[in-house]
Amino acid sequence: MKEIAFRDAVRDAMSEEMRRDESVFLMGEEVAEYNGAYKASQGMLDEFGPKRVIDTPIAELGFAGIGVGAASNGLRPIIEFMTFNFSLVAIDQIINSAAKMLSMSGGQYSVPIVFRGPTGNAGQLGAQHSQNFENWYANTPGLKVVVPSNPYDAKGLLKSSIRDNDPVIFMESELMYGDKMEVPEEEYLIPLGKAEVKRSGKDVTIVSFGKMVPRVVMPAVEQLAKEGIEAEVVDLRTVRPIDYATVIESIKKTNRCVVVEEAWPLASISSELAYHAQRHAFDYLDAPVLRVTNRDVPLPYAPTLIEEILPNVKRTIEAVKAVMYR
């Protein structure tokens, strides 16, 4: 085992897969000469050269399209967006080309491509640079959507994503690139579509994914434990496909559920989970499923307003106590 940062886990996953398979390459803004906007590709240009670590112009639609074409012809591109806010410029290639190619070609063409980069709020960056589109992409048949919450998961899930024959949206967080934890030095893979119970508990199930797990859910759970409330934490890891079975089994055990998600509330992943909870665990629920999401407004610049609008520990604890009628 060795302790590495989240950015290093991403780099190690890409590098290991590029050494294993010559069809894998990395393309995006500042991924080569600058070692990545968040240093997630540091040293990769020196090892793999400019034909496999490729700097692009500021033209997301263009290099996303190049990636889709390359993937359709036998290569395995990793396309980095400096932030997923900029993926909107390339969304036609992602939704109308990558996601639909296998179906529209009658199974003749797969598109083994990974679109990766940071998602969500990262401080005072303004409304246009602080958005979460996990649920947007998860709404699209043909895509897989991965949102890791720690370096261990990031490495194992990214390696599986690169090997997957379907297009994968791999969403990280700017605020987590420096997070460290111990990661095995030997190779490992984490299957897509399998959630993990991060903490066992008997009183309430808290479902979340990505940055919310270490930044909001776990601190809330620690405070709740001091008050005698034992929460079970389910980290989805992937939001398409969603591991509904693990969520439902946890709800059957605890009889209560809170979903924490950094996203706008309408048509969110938490909406979907609430539906499945009432559809498949109705007789086990002792309280309505509650959600802790962003407030339904564009994210402002002022830090006081950011704190009020994003999910936080206080709101999570309040939601847990509400479903427990305390």
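Rules used throughout
- Residues numbered from 1 in each chain as written.
- Predicted model: local features only at pLDDT ≥ 70, side-chain atom pairs only at ≥ 80, totals over all residues.
- Heavy atoms only, no water.
- UniProt positions renumbered as here; feature names shortened; annotations may be inferred.
- 1 Å grid on protein atoms, 1.4 Å probe; cavity = no way out; pocket = protein on both sides within 12 Å on 5 of 7 lines; lining within 4 Å.
- Points joined across faces, edges and corners; volume = space filled by probe spheres on them.
- Helix = DSSP H or I, 4+ residues; strand = E, 2+ residues; numbered from the N terminus.
- Nonpolar A, V, L, I, M, F, W, Y, C, P; charged D, E, K, R; others polar.
- Phe/Tyr/Trp six-rings, centres within 6.5 Å; stacked < 30°, edge-to-face > 60°.
- Buried < 20%, exposed > 50% of the residue type's maximum accessible area, 1.4 Å probe, protein only.
- Patch = residues over 30% accessible without salt bridge, like charges linked within 9 Å, V, L, I, M, F, W, Y side chains within 5 Å.
- Areas by Shrake-Rupley, 256 points an atom, 1.4 Å probe, with all protein chains shown as cover.
- Salt bridge = Lys/Arg side-chain N within 4 Å of Asp/Glu carboxyl O.
- Lys, Arg positive; Asp, Glu negative; His and termini not counted.
- Charge placed at Lys NZ, Arg CZ, Asp CG, Glu CD.
- Expected span 1.5 Å × (residues − 1).
- Bend = angle between axes of the 7 residues up to and from the residue.
- Contact = heavy atoms within 4.5 Å.
- Polar contact = N/O pair within 3.5 Å; in protein donor to acceptor, adjacent residues only side chain to side chain.

As recorded in an unreviewed UniProt entry, the protein goes by Pyruvate dehydrogenase E1 component beta subunit and comes from Rhabdobacter roseus. Its UniProt record, at the heading Cofactor (unreviewed entry), says of the protein: "thiamine diphosphate".

(A) Looking closely at the layout of surface pockets. Taken as a whole, the largest pocket encloses approximately 210 Å³ of empty space. Taken together, 15 residues make up the lining of the largest pocket; nearest its centre are Met212, Arg215, Val216, Leu310 and Pro311. Residue assignment for the lining of the largest pocket shows that the elements contributing at least two residues are α8 (212-226) and α11 (303-309). Tallying contributions element by element places α8 first for the lining of the largest pocket, with three residues. Looking at the lining of the largest pocket, its residues break down into eight nonpolar, three polar and four charged. By volume, the second largest pocket amounts to about 180 Å³. Lining the second largest pocket are 13 residues, with Ala138, Asn139, Ser268, Ile269 and Glu272 positioned closest to its centre. Looking at the lining of the second largest pocket, the elements with two or more residues in it are α6 (134-138), β12 (238-240) and α10 (269-280). Top element by residues in the lining of the second largest pocket is α10. It accounts for three residues.

(B) A look at the UniProt feature "domain: Transketolase-like pyrimidine-binding" (unreviewed entry) in the protein. Using the residue numbers shown here, the UniProt feature "domain: Transketolase-like pyrimidine-binding" (unreviewed entry) corresponds to residues 4-179. For the annotated span residues 4-179, helix accounts for 36% and strand for 16% of the residues, and the straight-line distance between the end C-alpha atoms is 8 Å.

(C) Structural detail: the packing of aromatic side chains. Here the structure, examined in full by the defined rule, presents eight aromatic pairs. Measuring from ring centre to ring centre gives 5.9 Å for Phe81 and Phe115, while their planes differ by 5 degrees; the resulting arrangement is stacked. Highlighted residues: Phe81 in the loop between β4 (76-80) and α4 (91-98) and Phe115 in strand β5 (residues 114-118), separated in sequence by 34 residues. Phe115 shares its class with Phe81; the two are buried. In this structure an aromatic cluster arises from ring pairing among Phe63, Phe81, Phe84, Phe115 and Tyr137.

(D) Just a negative patch on the surface, in detail. A surface patch of like charges, here negative, comprises Glu30, Glu33, Asp46 and Asp55. Following the sequence through the fold, Glu30 ends up in the loop between β2 (24-28) and α2 (44-48).

(E) Region of the structure containing α8. The first and last C-alpha atoms of α8 sit 20 Å apart over 15 residues, in line with the 21 Å expected at 1.5 Å per residue. For α8, the principal kink sits at Met218 and spans about 25 degrees; a proline, Pro219, occurs within the next four residues. When we look at burial in α8, the residues that qualify are Met212, Val213, Val216, Val217, Ala220, Val221 and Leu224. Close packing links the buried residues of α8 with β9 (196-199), β10 (204-208), β11 (231-235), β13 (257-260) and α12 (313-323).

(F) Quick look at the environment of Glu187. With respect to the helices and strands, the residue Glu187 is situated in the loop between β8 (180-183) and β9. As a C-alpha pair, Glu187 and Phe84 span 103 residues in sequence and 28 Å in three-dimensional space. In contact with Glu187, not counting residues within four places along its chain, are Glu16, Glu17, Lys159 and Arg163. At 3.2 Å, the side chain of Glu187 forms a polar contact with the side chain of Lys159. Here the side chain of Glu187 touches Arg163 through a polar contact of 3.1 Å, side chain to side chain.

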